[in-house]
Each structure stands twice: as structure tokens, then as C-alpha cells.
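Take a look at the letters that make up each chain.
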Amino acid sequence: MTQSQLNYDTISAEYNQRYPSTFHWERGDALLELARQVDAANVLEAGCGTGYWLNLLSQVTPQLYGLDFSAGMAAQAKNQPAPLKLIRGTATQLPFRPSSFDLLYCVDAVHHFGNHEAFVEEAFRVLKPGGALAIIGHDPHSGDFDWYFYDYFETVYETDLHRYPSGSSLKEMMNRAGFQNIDQRNVEHVSSIHDGEQVLRDPFLKQNATSQLALLDRETYEAGIEKIMADLREDGRKVFKSDFWVRMVVGIKP
Ligand SMILES: C[S@@+](CC[C@H](N)C(=O)[O-])C[C@H]1O[C@@H](n2cnc3c(N)ncnc32)[C@H](O)[C@@H]1O
């Protein structure tokens, strides 16, 4: 069984802080559009976490399945308003019969699955003909990626390059698995600028808020924070940028 290096049980209680009720997520629009396009009756999210996206898709269908490795995240998903069918397991060995789903997707999760190719093959197996696989997340391999985390925290960029499949490699995997109409597009622009000390209020800067920082040992994390503080002491108006695209790679099972 491929395991996430990060134990999400330890951060599940705080995880939903990243989903403030006032924020509109364009990746959610892309998911809804795809679900309607394939007339999705049965939907599976692999690595569903706290079930935020499944709950959104209750606008399209009530048959919502969520698979996750972490019991803590699944416990949070039970609190979503939409009733979700939650299963504990790994995305590289999906515990479902062939031809079960019209839409299978993951959001911000494929980099935890370890064997990306095994996941894509499993997705092909459990999708119905005409069903869609959508893999949504950012791509540190892309050239237009600017995230101050990579400048301040040692090893984070290299680890991400290793964990995240590039868009083109995902397309090749989908092609090898038998998917057709494979397409990749940017679905959400993440853009925030923190001026000077404001950066210290970036909620993602907490060590448990992202897997990038949660995977660091305490010393490396604190060294990154100290590097930020040193730059602030030198220039109190320094700008810290997060500027990148969230991408969706889609393939259709013929
Ligand atoms: C960053 S969270 C994303 C959760 C949710 N998709 C979202 O966007 O809010 C990644 C999730 O993937 C789960 N995960 C990690 N490895 C997994 C695996 N091999 N199989 C299934 N789920 C896994 C983690 O437990 C965690 O809930």
C-alpha cells in the first residue's frame, strides 16, 4: 500500500480552515462543469479529505463516494451537509468493481499517491465507458510558478518536484492507460501578495496548513521562518508572492 508521507489525521481538525465560506473557487466551477458534461450519476473523489468538493457536487448528483487514507479526514467529511459514502483505502488500489463511476477526480491529492501510474490505471478500470478522470492541482514543473515558500524553506521545491507529476507526464499516463480526449487546462489562478509583515498572517504559513511545510522537521521549518524575519528586518516593505495556476488534466474512457 502506498502511503502519504504526511499523516493527515494530525491536521484533520484544522484542515477546513482553508475553505472560508465566502471564497469562490474556480476549480469548483470546472469540476461542476465537467460533472454536468459527463452527466455524472456516480462520482468518486480519491483523496477526498474533509469532503469539501464532494459536497459541492451534490448540486449534480446524490451518489457521492469519497475514498481517503486518513480516518481523521473521513471523520470530518461526515460533517458535510451532503450525505457522503466514505471509504477508507488507497487510491492506487481502488476497492470498487470495474465500470462503477461516471466521474472520478482528485484535488490537491495526486502528489500523495506515490505511484501515479497505478492510480491512473485504477481510475480507468473503475470508470464507465464515457466516464471522465480529472486530476486537479498545481504543477511545480511549470515555468510560471512563483511561490515564496520555495525561496525560504529548504528542500520544499525539490521535494515537490519529486512528489508532483508534471502535466505532460499525467497526459502520457492517461494515454498509456487507454484514455482519450486528453486535455490539460488552467482552471484557477492563485495570486496573493503579502506586503511586509503581513506575510506572517498568511494562514498557509502555519506548519500544519500545507503538506509542503508539514513534511519539514521543526528545525528546517524554523530556519525558513527566521529567513523571512531576516528579510523583513532588512526591508520592512518586502513583497512575498504566491502566483501560480491550478491545472486540471482530464481524460475520457472510450
Ligand atoms: C491535501 S488533502 C486534499 C483533500 C481534498 N481533496 C481537498 O482538496 O480538500 C490530500 C488528501 O489525500 C489523502 N491521501 C493521501 N494519500 C492517499 C492515498 N494513497 N489514497 C487515498 N487518499 C490519500 C490524505 O489523507 C488527504 O486527505
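All values derive from a computational prediction rather than experimental measurement.

Caption draft 1: Highlighting the packing of helix H5 (residues 116-126) against helix H8 (residues 167-177). Following both chains from N to C, one finds H5 and H8 inclined at 45°, their axes separated by 9 Å at the closest point. Classified by the angle between their axes, H5 and H8 sit oblique to one another. For the crossing formed where H5 meets H8, the hand is right-handed. Mapping the contact onto sequence places His116, Glu117, Val120, Glu121 and Phe124 in H5 and Met173, Met174 and Ala177 in H8.

Caption draft 2: Geometry of unusual backbone geometry. One non-glycine residue with positive phi stands out, namely Thr155, at about 75°. Along the chain, Thr155 falls in the loop between helix H6 (148-152) and helix H7 (156-163). At Asn181, a residue that is not glycine, the phi angle is positive and equals roughly 50°. With respect to the element layout, Asn181 can be found in strand S7 (residues 180-195). When the 11 C-beta atoms within 10 Å are taken as the criterion, Asn181 is described as exposed.

Caption draft 3: Spatial organisation of the nonpolar core. Residues Leu103, Leu104, Leu133 and Ala134 are the most contacted members of the largest nonpolar core, which totals 54 residues. Setting aside chain neighbours within four positions, we find Leu103 in contact with Leu34, Ala35, Val38, Ala40, Val43, Gly131 and Ala132. The next biggest cluster of nonpolar side chains, apart from the first, holds six residues, and it includes Tyr148, Val199, Ile228 and Phe240.

Definitions and cut-offs
- Residues numbered from 1 in each chain as written.
- Predicted model: local features only at pLDDT ≥ 70, side-chain atom pairs only at ≥ 80, totals over all residues.
- Axes fitted to C-alpha atoms, helices over the stretch in contact; angles between N-to-C directions.
- Helix = DSSP H or I, 4+ residues; strand = E, 2+ residues; numbered from the N terminus.
- Parallel < 35°, antiparallel > 145°, perpendicular 65-115°, else oblique.
- Left-handed = near helix turned anticlockwise from the far one by under 90°.
- Contact = placed C-beta atoms within 7 Å.
- Buried ≥ 20, exposed ≤ 12 C-beta atoms within 10 Å, placed from the backbone.
- Core = buried A, V, L, I, M, F, W, Y, C linked by C-beta atoms within 7 Å.

It is worth stressing that arrangement in space is one thing and function is another; only the former is reported here.
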